[in-house]
Amino acid sequence: MFTNRLFEQMDRLFGPAGFDSPDLSPPAYPPLSVWEDEDALYVESEIPGLAAEDIGVSVTDGDKLTISAERAPSAGSGEWLYQECMYGEFSRTITLPVTVDPNAVEANYEAGVLTVTLRKVESVKPRRIAVKAVLPALAAA
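The shown structure was predicted, so the numbers you read here are calculated from the model rather than taken from an experiment.

Quick notes on the rules
Residues numbered from 1 in each chain as written. Predicted model: local features only at pLDDT ≥ 70, side-chain atom pairs only at ≥ 80, totals over all residues. Heavy atoms only, no water. Helix = DSSP H or I, 4+ residues; strand = E, 2+ residues; numbered from the N terminus. Polar contact = N/O pair within 3.5 Å; in protein donor to acceptor, adjacent residues only side chain to side chain. Contact = heavy atoms within 4.5 Å.

Let us now look at the side chain of lysine 120. In this fold, lysine 120 is placed in strand β7 (residues 113–120). From its side chain, lysine 120 meets the backbone oxygen of aspartate 37 in a polar contact 2.7 Å long. For lysine 120, the contacting residues outside a window of four places in its chain are Glu36, Asp37, Glu38, Asp39, Ala40, Leu41, Val98, Thr99, Val100 and Lys125.

Here the focus is the environment of serine 45. Positionally, serine 45 belongs in strand β2 (residues 40–46). The spacing of serine 45 and tyrosine 109 is 64 residues in sequence and 9.3 Å in space, taken between C-alpha atoms. Sequence-distant contacts of serine 45, defined by excluding residues within four places in its chain, comprise Pro30, Pro31, Leu32, Ile67, Gly112, Val113 and Leu114. Looking at serine 45, its side chain comes within polar contact range of the main-chain oxygen of proline 31, at 3.0 Å.

By themselves, these observations are geometric and do not establish any function.
This is the structure we're talking about:
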């Protein structure tokens, strides 16, 4: 009985998966949103507190996007009481769902939001196929 209550309390505290729960792992940084249209992929990332020239964006192998930078620690004086703001180097690489042209990538940084536009290569863009009407052959008289 005591053991069952102990396990129930542990489940309430840590969840049924215990310490291996995916909820305990840190979220990927920087957070990304990715969407596409017929011509391009778009990646948006919230990276506040940096200068545009301190952010690195690269595409390798035609389908791997890497965003990296380094944030300096706050210059606060005294003893920290609470600190959640991340600092230091970070880098995140994702595999894109299609091949993009690394020479046609644009990156804009405004109000702490990085927006990357990645143009798809022609071979992966949807192509409209024209359907030709075939007239039925006239029956021989």
